[in-house]
Amino acid sequence: MSKNKNLPIDATEHVASGGLLNRRLFLNTAIATTAALATTRAAYGQEVVGEGQEDWTLYPGSDALEYGERSRFEVERVKKFVPKVTEANEDYYALRTTNANSLTPHQHLTGTITPGGLHFSVTHHGIPDIDPDQHAVVIHGMVKQPIKLDINALENCPTVTREHFIECSGNSGALWSETARNITLDRSHGLVSGSQWTGVLLSTLLDECGVSPGAKWIVAEGADSGSLSRSIPFEKAMKDCMIAIAQNGERLMPNQGYPFRLLNPGYEGNTSIKWLRSIYVTDRPVMSRFETSRYTDRMPDGKSLQFSLEIDVKSMITRPSNAMSLPKHGVYEITGLAWSGRGKVSRVEVSVDGGTTWADAALEGPVHDIMLTRFRIPWMWDGGTAILQSRATDEFGRVQPTRTEMIARRGRNASYHFHAIHSWGVATNGEITHVYA
Ligand SMILES: Nc1nc2c(c(=O)[nH]1)N[C@H]1C(S)=C(S)[C@@H](COP(=O)(O)O)O[C@H]1N2
Ligand SMILES: [Mo]
């Protein structure tokens, strides 16, 4: 007999061991409310809020600002982690010569778009203070007609608006370590952020210049003091690279490359050159510092892989995490983000028993190409120990590996492109820690 779709989903219908419930549970208002309130009541008691008259209900509030700010109650609660060079900072894989790097606190965020002020930043030579009237990008090399464009010229070109993540290939580098340290999600997975980017496709501009036959690479270079440059295959440049002129509807943050950057969707973050000043069309890679001495992958045999550019398929549980503990047994939502550098995420499975059994999480649509995708699944925590994990699959059938599989393949010399399954251990007292499982 087929089930009546209109009937409320049975909250006792377990879809994997350890208390994972049907992913549609929270879509049913009545059940969801009951379950959520039960947990809230359990956690906070039955006190009635708002009995007295609060000041804000009695007096007019403050005036508007020319540029909005967060509530003062959010400022301390949600902020980026900015590693300081004075600390011994093994958590974080990046140059420690500047304090210009920062990590997104995914443990405090919802949705899929990272607010501009919380976008991670990896900046090898500090953040330049560029006057947009004094800055332009030149497209030259193997082209019939070189062109030079400033922000005004770019704003007059046909633009596209797309949602994409950027991930530094050093993200999660701390998880190559032998033993699991109890680091929070910003420190293990904070080098990825998602934005809505508006920009001009490189294909539009390269067509305008007339590329000479034999072009195989472009070399993109930044205007920061170290002129960070990377070679990108010409085919990829023509496929979906853009010069981004807006981030979430406004001009870029200085951290993100103001006034414009290259956005190379799905390729390691280092190739998305910020403060872009030159696109050089050529027939060979330039072998710059950042594609030789750095951002290459050491393999078990001691040799290095070069131009391992594409971001793999990956996911993380953002809540619950070790930024909280579970106050009382009851129904919780397990939620997180999944992404793939090749296209769409097609499936995310969740396990609460350390990978023995898995259940499909619900994906929040629309699912975009090369963008963070939110997943969620309800979980009835009975107060026992648990190990929470998520496993993403992309539309090309790539499945996120276990940590053991990843280390077997890549060895222990590696530092980039760690993308294995991440684990949160739950203790009987509700405390959560980062563990290897
Ligand atoms: N010019 C320039 N571009 C750069 C960098 C830089 O230091 N200088 N850092 C790169 C690295 S290593 C990464 S991971 C991404 C990070 O982009 P974001 O800081 O906007 O998050 O920018 C890349 N582009
Ligand atoms: Mo990076």
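None of these values were measured; they are calculated from a predicted model.

> Sorry if this is basic, but what is going on with the sheet that holds strand β21 (residues 423–426) here?
Sheet strands line up and pair through hydrogen bonds in the backbone, either parallel or antiparallel. Within the open sheet, the five strands sit side by side as β17-β16-β20-β21-β22. Their pairing is antiparallel. Only two strands of the sheet have a single neighbouring strand rather than two, namely β17 (359–360) and β22 (432–435).

> Looking at this structure, how should I read the site of ligand 1?
In the vicinity of ligand 1 there are 20 residues, among which F120, H124, D224, R261 and K274 approach most closely. Contact distances for ligand 1 include 3.0 Å between an oxygen atom and a side-chain N or O atom of Q256. In this structure, S272 approaches ligand 1 through a main-chain N or O atom, which is 3.0 Å from a nitrogen atom. For ligand 1, the protein covers 100% of the area, taking 540 Å² as the surface of the free molecule. Tallied by class, residues from the shell around ligand 1 come to seven nonpolar, 10 polar and three charged.

> How should the packing of aromatic side chains be read in this particular structure?
How two aromatic rings sit relative to each other is set out by the distance from centre to centre and by the angle between their planes. Per the stated rule, a full pass over the model turns up six aromatic pairs. Taking 5.1 Å as the distance between ring centres and 85° as the angle between the ring planes, the aromatic pair formed by W176 and F418 counts as edge-to-face. One end of the pair, W176, is in the loop between β5 (160–167) and α5 (185–189); the other, F418, is in the loop between α8 (403–410) and β21, with 242 residues separating them in the sequence. In this pair, the class of W176 matches that of F418, namely buried. Judged by centre distance (5.1 Å) and plane angle (50°), the rings of W217 and F307 are tilted. In this pair, W217 is assigned in strand β7 (residues 217–222) and F307 in the loop between β13 (304–305) and β14 (313–319), connecting sequence segments 90 residues apart. For W217, a relative accessible area of 16% puts it in the buried group. Residue F307 is classed as partly exposed on the basis of its relative accessible area, which comes to 22%.

> Looking at this model, I keep getting lost on the pattern of salt bridges. Mind explaining?
Any two side chains of opposite charge can pair if their charged atoms end up close together. Within the structure shown, the criterion is met by 20 salt bridges. The partner of R412 in a salt bridge is E178, and the shortest N-O contact between them spans 3.7 Å. One end of the pair, R412, is in the loop between α8 and β21; the other, E178, is in the loop between β5 and α5, and 234 residues separate them in sequence. Its relative accessible area of 39% is what places R412 among the partly exposed residues. The exposure class of E178 is exposed, given its relative accessible area of 60%. Where R410 meets D297, a salt bridge forms, and the shortest distance between an N and an O atom there is 3.5 Å. Within this pair, whereas R410 is found in helix α8, its partner D297 is found in strand β12 (residues 297–298), the two being separated by 113 residues in sequence. Using a relative accessible area of 7% as the deciding quantity, one classes R410 as buried. Residue class for D297 comes out buried when judged on its relative accessible area of 3%.

What counts and what doesn't
Residues numbered from 1 in each chain as written. Chains lettered and ligands numbered in written order. Predicted model: local features only at pLDDT ≥ 70, side-chain atom pairs only at ≥ 80, totals over all residues. Heavy atoms only, no water. Pairing = 2+ DSSP bridges. Helix = DSSP H or I, 4+ residues; strand = E, 2+ residues; numbered from the N terminus. Near = heavy atom within 4 Å. Polar contact = N/O pair within 3.5 Å; in protein donor to acceptor, adjacent residues only side chain to side chain. Areas by Shrake-Rupley, 256 points an atom, 1.4 Å probe, with all protein chains shown as cover. Nonpolar A, V, L, I, M, F, W, Y, C, P; charged D, E, K, R; others polar. Phe/Tyr/Trp six-rings, centres within 6.5 Å; stacked < 30°, edge-to-face > 60°. Buried < 20%, exposed > 50% of the residue type's maximum accessible area, 1.4 Å probe, protein only. Salt bridge = Lys/Arg side-chain N within 4 Å of Asp/Glu carboxyl O.

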